[in-house]
Amino acid sequence: MTQGPVEDYAEFAAARAGHMYRSACLLTAGDTHLAEDLVQEALGRIYVRWGRVSRVGNPAGYAQTVLTRTFLAHRRRFSNRERIRDSFPEAADADADPSLRLTLLDALAQLPAKDRAVVVLRYWEDRSIHETADALNVSSAAVRTRCVRALARLRELLGEDLAEYARS
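Everything in this summary refers to the structure shown in the same document. (Residues numbered from 1 in each chain as written. Predicted model: local features only at pLDDT ≥ 70, side-chain atom pairs only at ≥ 80, totals over all residues. Heavy atoms only, no water.)

Focus on the environment of Leu 26
Piece 1. If you trace the backbone, Leu 26 turns up in helix 1 (residues 5-27).
Piece 2. Linking Leu 26 and Leu 121, residues 95 residues apart in sequence, is a C-alpha distance of 9.9 Å.
Piece 3. Contact partners of Leu 26, with chain neighbours within four places excluded, come to Leu 105, Leu 108, Arg 116, Val 120 and Trp 124. (Helix = DSSP H or I, 4+ residues; strand = E, 2+ residues; numbered from the N terminus. Contact = heavy atoms within 4.5 Å.)

What follows is the structure, given as structure tokens:
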């Protein structure tokens, strides 16, 4: 017996929500509450279009694109709001170095929103330049430029410790 569209969507959302949340945490530079809101909004947008989304070849990629565009839209709408930078996820990996995590999140927070989105999509999501360009609705050249700019800024922020972070 086949599942209906609602059950298919529920299964998809349950499977992808954790990954989307981790990506949203990186996009928001550790703001877990905003990350939860972004994931919820993105999943809501996907649900509305689930009939078409479920037929595409890569619904997970579509979900990440919706999440990224939701983040960028939020940043445009609320670009002048205060953002709390001193709250981080309560539960961290037992093996992870908390100081490294805080340092990297702080460095990501200092990047402009679009540069941060490019870094997360290219290096966290491991997307190609073309896939990142499609997700952000920009040209491949713009993605390459933003990558160079964002990585240079991260090197500047992290200083000599960058090689140590790369080994971790």
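So, the nonpolar core
Piece 1. Counting residues in hydrophobic clusters, the biggest one holds 40 residues, and the most contacted among them are Met 20, Leu 43, Ile 46 and Leu 67.
Piece 2. It is helix 1 that contributes the most residues to this core, eight residues altogether.
Piece 3. In this structure, Ile 46 is in contact with Tyr 9, Phe 12, Met 20, Val 53, Tyr 62, Ala 63 and Val 66, ignoring residues within four places of it in sequence. (Core = buried A, V, L, I, M, F, W, Y, C linked by side-chain atoms within 4.5 Å. Buried < 20%, exposed > 50% of the residue type's maximum accessible area, 1.4 Å probe, protein only.)

A short note on helix 6 (residues 113-124)
Piece 1. Relative to the 16 Å expected for twelve residues at 1.5 Å per residue, helix 6 spans 15 Å between its end C-alpha atoms, a close match to the ideal helical length.
Piece 2. Taking burial as the measure, the twelve residues of helix 6 include nine buried ones, the bulk of the element.
Piece 3. Taken as a whole, helix 6 has its buried residues at Ala 113, Asp 115, Arg 116, Ala 117, Val 118, Val 119, Val 120, Leu 121 and Arg 122.
Piece 4. Taken together, the buried residues of helix 6 touch helix 1, helix 4 (59-77), helix 5 (98-109), helix 7 (129-136) and helix 8 (140-158).
Piece 5. Two residues or fewer past helix 6, Asp 126 is found with a positive phi of approximately 60°. (Expected span 1.5 Å × (residues − 1).)

Overview of the packing of helix 1 against helix 6
Piece 1. Where helix 1 contacts helix 6, the two axes come as close as 9 Å, and the packing angle between them is 140°. Comparing their axes, helix 6 and helix 1 come out oblique. At the point where helix 1 passes helix 6, the crossing takes the right-handed sense. On the side of helix 1, the interface is formed by His 19, Arg 22, Ser 23, Leu 26 and Leu 27, while helix 6 contributes Arg 116, Ala 117, Val 120 and Trp 124.
Piece 2. Grouping the constituent residues of the contact of helix 1 with helix 6 by class yields five nonpolar, two polar and two charged. (Axes fitted to C-alpha atoms, helices over the stretch in contact; angles between N-to-C directions. Parallel < 35°, antiparallel > 145°, perpendicular 65-115°, else oblique. Left-handed = near helix turned anticlockwise from the far one by under 90°. Nonpolar A, V, L, I, M, F, W, Y, C, P; charged D, E, K, R; others polar.)

Remarks on the environment of Gly 44
Piece 1. Within the fold, Gly 44 resides in helix 2 (residues 32-48).
Piece 2. Put simply, Gly 44 and Ala 13 are 31 residues apart on the chain and 9.8 Å apart in space, counted from C-alpha to C-alpha.

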